Amino acid sequence: MMIASFDVDAQRTFTPLCPGELPVPGGDQIAEELNAQAALAHFRIASKDAHNPNAKWVVASHDDMLQPLDYPDTDLTWVRHAETGTPGFELIPGLPRPQAYDFLVYKGVENDMHPYGACYHDLKDRISTGVIEWLRCNEVNTVLVGGLALDFCVKTTAIQLANAGFTVYLNQAACRAISPQGAKAACQEMVRAGIHLVDNARTLAQLVKKDS
């Protein structure tokens, strides 16, 4: 069994370290769990939101967020976040530098495309980011997933991987959600998609075994 560990959008923008962007409570506290699950894997991959200030989904205030938009690949409004070259774009403290990963996905680069999952650039799961193909080329069949935020990008990425035929484990201790209600709904949706929910990396280690 070949295993990959996936750090989904574990960036400062989704933590209290960037309070003016999209801070997820406790988002800066998951590095230890992400590192622990990575130690169980043969490969470590990551995704990063990579936005710019001119995106069509940008609004000035948090009060204006989550309003529907009539674009094929941009469904909701959001405040500026994860802009390249800013502190919010960087990975959270405690994670490796990007150069240490085996594969990186940069998503949301186009002004009118705001994907949530890391496997496709569009909302219809048509334009691949290449990560599924890379995993298959490296004969990976099991993916361990954690990151930010559980109820948006993590959930969508995990489901995309499951739909592509991978065995997917979601490490709940390596995630944080925008809201408890969102976390509950996301977990229910992932279970329906066949994803295995695991409490933490210690439990995960009992379920998967990395070949020597």
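Preceding this paragraph is the structure being described.
Residues numbered from 1 in each chain as written. Predicted model: local features only at pLDDT ≥ 70, side-chain atom pairs only at ≥ 80, totals over all residues. Heavy atoms only, no water.

J.: Sorry if this is basic, but what is going on with the overall build of the protein here?
T.: Broken down by element type, the protein carries five helices and ten strands. For a compact globule of 212 residues, the expected C-alpha radius of gyration is about 17 Å, and the protein comes in at 16 Å, within 12% of that figure. The principal-axis extent of the C-alpha atoms belonging to the protein is close to 50 × 35 × 35 Å. Each of the 212 residues in the protein was classed as buried or not, and the buried ones make up 52%. Taking the intrachain contacts of the protein between residues at least 6 apart in sequence as the baseline, contacts between residues at least 24 apart amount to 75%. Carbon and sulfur atoms make up 50% of the accessible area of the protein, which totals about 9,600 Å². Taking the 17 positively charged and 25 negatively charged side chains of the protein as two groups, their mean positions are separated by 4 Å. (Helix = DSSP H or I, 4+ residues; strand = E, 2+ residues; numbered from the N terminus. Rg over C-alpha atoms; globule rule 2.2 N^0.38 Å. Buried < 20%, exposed > 50% of the residue type's maximum accessible area, 1.4 Å probe, protein only. Contact = heavy atoms within 4.5 Å. Areas by Shrake-Rupley, 256 points an atom, 1.4 Å probe, with all protein chains shown as cover. Lys, Arg positive; Asp, Glu negative; His and termini not counted. Charge placed at Lys NZ, Arg CZ, Asp CG, Glu CD.)

J.: What am I meant to see in the nonpolar core here?
T.: Soluble globular proteins: nonpolar side chains tend toward being buried together. Counting residues in hydrophobic clusters, the biggest one holds 57 residues, and the most contacted among them are Phe-6, Val-131, Leu-135, Val-145, Leu-150, Leu-161 and Met-190. Counting residues per element, this core draws most heavily on helix α3 (residues 150-163), at seven residues. In this structure, Met-190 is in contact with Leu-150, Lys-155, Ala-158, Ile-159, Leu-170, Ile-195 and Leu-197, ignoring residues within four places of it in sequence. Counting residues in hydrophobic clusters, the runner-up holds eight residues, among them Ile-3, Leu-40, Leu-144 and Leu-204. (Core = buried A, V, L, I, M, F, W, Y, C linked by side-chain atoms within 4.5 Å.)

J.: What should I look at first to understand the pairing of strand β9 (residues 167-176) in this one?
T.: Consecutive side chains along a regular strand alternate between the two faces of the sheet. Here strand β8 (residues 142-148) pairs with β9 via six bridges, running parallel. Each residue of the ladder has a partner; that of Leu-144, found in β9, is Tyr-169. Two strands pair when backbone bridges link them, and β9 and strand β10 (residues 196-198) are joined in this way by three bridges, in the parallel orientation. When the sheet's bridge partners are listed, Tyr-169 is paired in β10 with His-196. (Pairing = 2+ DSSP bridges.)

J.: Teacher, can you tell me more about the packing of aromatic side chains here?
T.: Any pair of aromatic rings gets described here by the distance separating the centres and the angle formed by the planes. All chains considered together, the criterion is met by six aromatic pairs. A ring pair is formed by Trp-78 and Tyr-116, whose centres lie 6.4 Å apart and whose planes are at 65°; its orientation type is edge-to-face. Here Trp-78 is found in strand β6 (residues 78-79), whereas its partner Tyr-116 is found in the loop between β7 (103-107) and α2 (131-137), with 38 residues between them in sequence. The positively charged end of Lys-48 is found above the aromatic ring belonging to Phe-89, 3.7 Å away from the centroid. (Phe/Tyr/Trp six-rings, centres within 6.5 Å; stacked < 30°, edge-to-face > 60°. Lys NZ or Arg CZ within 6 Å of the ring centre and 35° of its normal.)

J.: It is not clear to me how the pattern of salt bridges should be interpreted in this structure. Could you clarify?
T.: Should the charged atoms of two oppositely charged side chains come close, the side chains can pair. Under the criterion given, the structure shown has six salt bridges. With a shortest N-O distance of 3.3 Å, Glu-189 and Lys-155 are connected by a salt bridge. Here Glu-189 is found in helix α4 (residues 180-192), whereas its partner Lys-155 is found in helix α3, with 34 residues between them in sequence. A relative accessible area of 31% places Glu-189 in the partly exposed class. (Salt bridge = Lys/Arg side-chain N within 4 Å of Asp/Glu carboxyl O.)

J.: Looking at this structure, how should I read unusual backbone geometry?
T.: Phi is mostly negative for residues that are not glycine, and the peptide bonds are mostly trans. In this chain, Leu-148 is followed by Ala-149 through a cis amide linkage whose omega measures -20°. Tracing the sequence through the fold places Ala-149 in the loop between β8 and α3. Positive phi, close to 65°, is recorded for Leu-66, a residue that is not glycine. Classification of Leu-66 as partly exposed rests on a relative accessible area of 45%.

J.: Explain the sheet that holds β8 here, please?
T.: Through backbone hydrogen bonds, the strands of a sheet pair up, either in parallel or in antiparallel fashion. What the six strands build is an open sheet, ordered β7-β2-β1-β8-β9-β10; its pairing is parallel. A strand with exactly one partner marks an edge of an open sheet, and here the two such strands are β7 and β10. This sheet shows a mean twist of 20° between the axes of neighbouring strands, independent of strand direction. Two strands pair when backbone bridges link them, and strand β1 (residues 3-8) and strand β2 (residues 43-49) are joined in this way by five bridges, in the parallel orientation. Counterpart to Asp-7 in the pairing with β2 is Ala-46. (Axes fitted to C-alpha atoms, helices over the stretch in contact; angles between N-to-C directions.)

Function cannot be inferred from these measures alone, as they are strictly geometric.
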